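# Architecture at a glance
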Amino acid sequence: MNNPAIEARGLKKVFTPAIRQPGFKGTVRSLIAPEHAEIVAVADVSFTVAEGELIALLGPNGAGKSTTIKILSGILTPTAGEVRIAGRIPYQDRIANAHNIGAVFGQRTQLWWDLPARESFAVLRDIFKTSLADHARRLDELDGLLELSSFWDRSPRHMSLGQRVRADLAAALLHDPPIVFLDEPTIGMDAVVKEQVREFLRFQVAERGRTIVLTTHDMSEVSRLAERVVLINHGRVVYDGGLVELQQDYGSGWQIRVVVDDDAALRDVPGFLAKEGAALVFGGDDPGEQRRLVRLLTELDVVRNLEVRSDDLEDIMATVYQRRAVPVAR
Amino acid sequence: MTAMAAAARRWRVARISARYEVSQPGRVTGVAVQLALQIFLMWCLWRALYAVSPTNSGLSEAQALAYAVLGVLYTRLRGPDRSIAEDTVAQHVREGRISYWFLRPLEPRHYHRLRAIGDQAYGFAWAVGGYLVCLLVGLVQKPVSATALWVFLVSLLLGQVVLYHLLAITDVATFWLVDNTGVIGIIAFAQSLFAGAIAPLWFFPGWFQTLSSWLPFQSSFHIPVSIYVGRIPAGSAARDLVVQLLWCLLLSLVLRWLWGRAGRRVIVQGG
C-alpha cells in the first residue's frame with residue numbers, strides 16, 4: 001500500500017448554533033442573551049485514503065459527510081480527533097495545505113460571478129503563484145478534457161449548471177493538487193455532462209495519480225467510479241470497504257424471473273421461490289447457483305423471457321444504514 | 001522583477017470589483033447618472049435652504065454646498081456595488097462560498113484587504129473625477145489656501161485608512177451577523193450618518209455632535225471635508241489629525257482581533 005494521503009482518526013465536530021425564538025421578542029433576546037444548541041455533526045470518523053485512490057464517502061442527508069470533508073480540507077477545526085493530509089494538519093497549516101488540495105462544494109462556485117471564467121482562472125493563478133507556462137499547460141489539458149474553451153469567455157452568471165461545474169472542477173485543479181475533495185459535484189447535471197465528469201475523474205486518478213474523496217447520492221456514479229466506499233451515518237463510519245464486498249454482505253442476493261411455455265419441470269429446480277403471474281421467480285445468495293441456473297435456462301427451448309436482477313445499490317445502502325447501528329471496528 | 005511580478009499579481013486581485021463595473025457600460029453610465037442627479041438635488045436643496053437664511057451653523061452657502069457635494073462623492077468610496085456580483089462578504093458567508101477563501105494560499109484577511117483597497121481606489125478615482133467636474137462647474141471651490149490643501153490631503157489619507165477599517169470591520173462582523181442583514185444595513189447607515197455624508201454634522205444638535213466626536217465615523221469624512229471647506233482652519237487642525245491617527249491605530253487593532261476570531265469561527269451553512 002502507498003503512503004496514506006489522508007488520515008483521519010476519531011474525528012468529532014460539535015456545532016453550537018444560536019437558537020432564535022420566534023417573533024420580535026425572540027430576536028431581541030437572541031441579540032442580548034443568545035441561547036445555543038449543541039449539534040454533533042460528526043461523532044467519530046476514522047479512515048485513511050492511500051495516494052492515488054478514489055473513495056466514495058456516502059451517507060444519508062445530515063450524516064456528516066460535508067462536515068467531514070470540511071475538516072479534511074482544513075476549513076473546519078475538529079472538536080476532537082486528528083487529521084493529516086499529505087502529512088500536514090490541514091487546519092493548522094492552511095497556507096501550505098492549500099497547495100496540496102483542491103475542492104468543489106456542490107453548486108457553490110469559487111469562480112467570480114461576473115468575471116469571464118478565464119479571468120477567474122487567471123486570478124487563481126495569481127493567488128496560487130503558478131507560473132504562466134504551467135498555468136497555460138494545465139489549462140490546455142483541462143480544456144481538452146472538459147471542453148472549457150467553448151464557454152470560458154462567459155461569466156458563471158451566464159453558464160449552464162454543467163458548464164459551471166466543469167469550470168469549477170478546472171478551477172480546483174489548476175494548481176495541480178495531489179488531493180481533491182468533491183462534495184456532490186454532479187448534483188443536478190444531465191447524463192451527458194455527468195459521464196464527461198466521471199471520465200474526467202477517472203483520468204485524474206489513473207493518469208495523474210490524484211487522490212479523490214467524493215461524496216454523492218448518485219449510486220450509479222459510485223458503482224462506476226469507486227472501488228472502495230466509506231459509509232457514514234449519524235456522524236459515524238458504519239462501513240469501510242470494497243463496493244463488491246458491500247454488495248455481497250448486505251445485498252438480498254440474486255433474483256431471476258423467467259416466463260416459459262411449460263413450467264411444471266422448473267418448479268423442482270433449486271432456488272425456486274414462487275410464481276408471480278406468468279413468471280417463475282428464483283432467488284438465492286450463492287452466485288455460483290445463479291450462474292448454473294442461467295446456463296440451464298438459456299439452454300431450454302421453452303423459455304420465452306428471462307430477467308436477471310441484482311440488488312440496487314441504493315437498496316443496499318438503505319439496508320446498511322438500517323442494520324449497522326454499531327460502527328465498524330478499525 | 002520578483003517584486004514587480006508580486007505587485008502585478010496583487011493588482012489583478014485588487015481590481016476584480018472594478019472589472020465587474022467597467023466591463024458593463026450600462027453600470028458605468030448608471031453610476032455617472034446617479035451621481036449627477038444626487039449632486040443636482042444637493043444643489044437644489046442647499047440653494048433653497050440658503051435662500052431663507054444666508055449663514056447656517058457657521059457654514060456659508062458655498063461651504064455647505066461643497067460639503068454636501070463631497071458627501072455625495074464620498075459614498076462612491078465604498079467602491080462598486082458587489083452585491084450584484086454576489087461577491088459581498090455577507091453573501092459569501094450566507095451561501096457557504098466563504099469556504100473557498102480558506103482553501104487558498106492567501107490568508108482570507110489579506111485577500112479581503114487586497115479587494116477592499118482595490119474597491120476603495122476605484123471609488124476614489126470616481127470621486128476625484130466627480131470632484132474635478134464639480135470644481136469646473138463651480139459647485140465646489142478650491143481650498144482656501146495651499147496650507148489648507150496640504151492639511152486636507154493628509155487628513156484625506158488618514159480618512160481613507162479609517163474608512164477602510166470601518167468597512168472591513170462591518171464585513172468581518174457578517175461572520176457573526178449572518179442572519180442579521182438588517183443590522184448590517186443599520187451599521188452602514190450609521191457610518192454615513194455619523195461621518196456627515198448624509199448631512200453636514202455642523203447642522204446637527206450639540207449632543208449629536210458630541211456623540212459623533214466620540215465615534216470613529218467622522219474621521220473618515222467630516223474632518224477632512226471640514227478642513228477642505230475651511231470650517232476647521234488648517235492652522236488648528238492638528239488635534240483632529242491626531243484623533244484620526246488614533247482611530248487608524250485603534251481600528252486596525254480591532255480588525256486584527258476580529259479576523260483572528262472570525263477564522264476560528266468559520267461556520268459554513270449546510271451539512
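What counts as what
Residues numbered from 1 in each chain as written. Chains lettered and ligands numbered in written order. Predicted model: local features only at pLDDT ≥ 70, side-chain atom pairs only at ≥ 80, totals over all residues. Heavy atoms only, no water. Helix = DSSP H or I, 4+ residues; strand = E, 2+ residues; numbered from the N terminus. Buried < 20%, exposed > 50% of the residue type's maximum accessible area, 1.4 Å probe, protein only. Contact = heavy atoms within 4.5 Å. Areas by Shrake-Rupley, 256 points an atom, 1.4 Å probe, with all protein chains shown as cover. Lys, Arg positive; Asp, Glu negative; His and termini not counted. Charge placed at Lys NZ, Arg CZ, Asp CG, Glu CD. Salt bridge = Lys/Arg side-chain N within 4 Å of Asp/Glu carboxyl O. Buried area = accessible area lost by both parts, 1.4 Å probe. Polar contact = N/O pair within 3.5 Å; in protein donor to acceptor, adjacent residues only side chain to side chain. 1 Å grid on protein atoms, 1.4 Å probe; cavity = no way out; pocket = protein on both sides within 12 Å on 5 of 7 lines; lining within 4 Å. Points joined across faces, edges and corners; volume = space filled by probe spheres on them. Nonpolar A, V, L, I, M, F, W, Y, C, P; charged D, E, K, R; others polar. Axes fitted to C-alpha atoms, helices over the stretch in contact; angles between N-to-C directions. Parallel < 35°, antiparallel > 145°, perpendicular 65-115°, else oblique. Left-handed = near helix turned anticlockwise from the far one by under 90°. Expected span 1.5 Å × (residues − 1). pLDDT = per-residue confidence, 0-100. Pairing = 2+ DSSP bridges. Phe/Tyr/Trp six-rings, centres within 6.5 Å; stacked < 30°, edge-to-face > 60°. Lys NZ or Arg CZ within 6 Å of the ring centre and 35° of its normal.

### What about the overall build of chain A?
Along its length, chain A carries eleven helices and 15 strands. Here the C-alpha coordinates of chain A stretch approximately 75 × 55 × 45 Å along the principal axes. Each of the 330 residues in chain A was classed as buried or not, and the buried ones make up 51%. Sequence separation of 24 or more characterises 69% of the internal contacts of chain A that already satisfy a separation of 6 or more. Accessible surface, chain A: about 15500 Å² in total, of which carbon and sulfur atoms supply 48%. For chain A, the separation between the mean place of its 40 positive charges and that of its 46 negative charges on side chains is 7 Å.

### Brief notes about unusual backbone geometry
All names here are of chain A. Phi angles above zero are rare outside glycine, and glutamate 147 is one such case at about 55°. Topologically, glutamate 147 is positioned in the loop between α5 (132-146) and α6 (161-173). Exposure remark for glutamate 147: the relative accessible area of 48% places this residue in the partly exposed category. Of note in the backbone geometry, glutamate 184 takes a positive phi value of approximately 50° without being a glycine. Relative accessible area serves as the criterion here: at 17%, glutamate 184 is assigned to the buried category.

### A word on the pattern of salt bridges
Residue and element names in this part refer to chain A. Counted by the stated rule, this structure contains 28 salt bridges over all chains. Across the pair arginine 304 and aspartate 261 runs a salt bridge whose closest N-O atoms are separated by 3.0 Å. Taken together, the positions of arginine 304 in strand β15 (residues 303-309) and aspartate 261 in the loop between β12 (254-260) and β13 (272-276) put the pair 43 residues apart, joining distant regions of the chain. Under the relative-accessibility criterion, arginine 304 is labelled exposed at 60%.

### Examining the interface of chain A and chain B
Contact with chain A, which involves 32 residues of that partner, is made by 33 residues of chain B. Taken together, the two surfaces of chain A and chain B that pack against each other cover about 3000 Å², and 60% of this comes from carbon and sulfur. The largest share of the area that chain A buries against chain B comes from A:Arg108, A:Trp112 and A:Ile127, three residues that together contribute 19% of it. At the junction of chain A with chain B, the criterion picks out two salt bridges. A salt bridge links B:Arg19 to A:Glu119, with the shortest nitrogen-to-oxygen separation between them at 2.2 Å. Taken together, the connections running from chain A to chain B amount to eight residue pairs in polar contact (both at pLDDT 80 or more).

### Considering empty space enclosed by the protein
Using the criterion set out here, one finds four cavities of 30 Å³ or more in the structure. One number sums up the size of the largest cavity: a volume of about 50 Å³. Lining the largest cavity, in full, are A:Ile101, A:Gly102, A:Ala103, A:Gln110, A:Phe128, A:Ala172, A:His175, B:Tyr100, B:Leu103 and B:Arg104. Top contributing element to the lining of the largest cavity by residue count: strand β7 (residues 101-105) of chain A, with three residues. Partitioning the lining of the largest cavity into residue classes produces six nonpolar, three polar and one charged.

### Here's the deal with the packing of helix α3 (residues 25-52) of chain B against helix α4 (residues 61-75) of chain B
For any two helices packed against each other, the geometry is given by the interaxial angle and the distance between the axes. Residue and element names in this part refer to chain B. For the pair α3 and α4, interaxial distance at closest approach is 9 Å and the crossing angle is 155°. Relative to α4, α3 is oriented roughly antiparallel. Pair α3 / α4 crosses with right-handed handedness. Every residue of α4 that contacts α3 at Leu35, Gln38, Ile39, Met42, Trp43, Trp46, Arg47 and Tyr50 is listed here: Glu61, Ala64, Leu65, Ala68, Val69, Val72 and Leu73. Grouping the constituent residues of the contact of α3 with α4 by class yields twelve nonpolar, one polar and two charged.

### Some remarks on helix α12 (residues 238-265) of chain B
Residues and elements named next belong to chain B. Across its 28 residues, α12 extends 40 Å between first and last C-alpha, which sits within 8% of the 40 Å expected from 1.5 Å per residue. Three or more residues of α12 are buried, namely Asp240, Leu241, Gln244, Trp247, Cys248, Leu251, Leu255, Leu258, Trp259 and Ala262. Of the surrounding elements, those touching the buried residues of α12 are α6 (108-137), α7 (146-173), α10 (217-220) and α11 (222-229).

### Quick word on the environment of B:Ala48
Relative to the elements of secondary structure, B:Ala48 occurs in helix α3. With 88 residues separating them along the chain, B:Ala48 and B:Leu136 place their C-alpha atoms 22 Å apart.

### Some details on the confidence of the model for chain B
Residues shown with low pLDDT carry predicted positions that ought not to be read at fine detail. Residues and elements named next belong to chain B. When pLDDT is averaged along chain B, the result is 88; 95% of the residues meet or exceed 70. In the model of chain B, helix α8 (residues 181-195) stands out as the element of lowest mean pLDDT, 80, in contrast to α6, which has the highest, 94. Here the predicted complex scores 0.85 on pTM and 0.86 on ipTM.

### What about the sheet that holds β13(A)?
As a general point, the strands of a sheet are linked pairwise by backbone hydrogen bonds and lie either parallel or antiparallel. Residues and elements named next belong to chain A. Spatially, four strands are ordered β13-β14-β12-β15 in an open sheet, and the strand pairing comes out antiparallel. Looking at which strands have only one partner, the edges of the open sheet turn out to be β13 and β15. Within the sheet, the average angular offset between the axes of one strand and its neighbour, ignoring direction, is 20°. Pairing of β12 with strand β14 (residues 279-284), which is carried by five bridges, proceeds in the antiparallel orientation. In the strand pairing of β14, arginine 257 is matched with valine 281. Sitting on the sheet, helix α10 (residues 287-298) is in contact with β12, β14 and β15, with an inclination near 15° to β12.

### Looking at the packing of aromatic side chains
In this structure the tally under the stated criterion is 16 aromatic pairs over all chains. Summarising the aromatic geometry, the rings of B:Trp207 and B:Phe208 are spaced 5.8 Å apart at their centres and angled 75° between planes, so their arrangement reads as edge-to-face. The exposure class assigned to B:Trp207 is exposed, which follows from its relative accessible area of 60%. Overall, B:Phe208 belongs to the buried group, its relative accessible area being 8%. Three or more aromatic residues link up through ring pairs in this structure, and these residues are B:Phe194, B:Phe204, B:Trp207, B:Phe208 and B:Phe217. Over the ring of A:Phe105 we find A:Lys70; its NZ or CZ atom is 5.9 Å from the centre of that ring. The ring of B:Tyr111 has B:Arg104 lying over it, and the distance from NZ or CZ to the ring centre is 5.9 Å.

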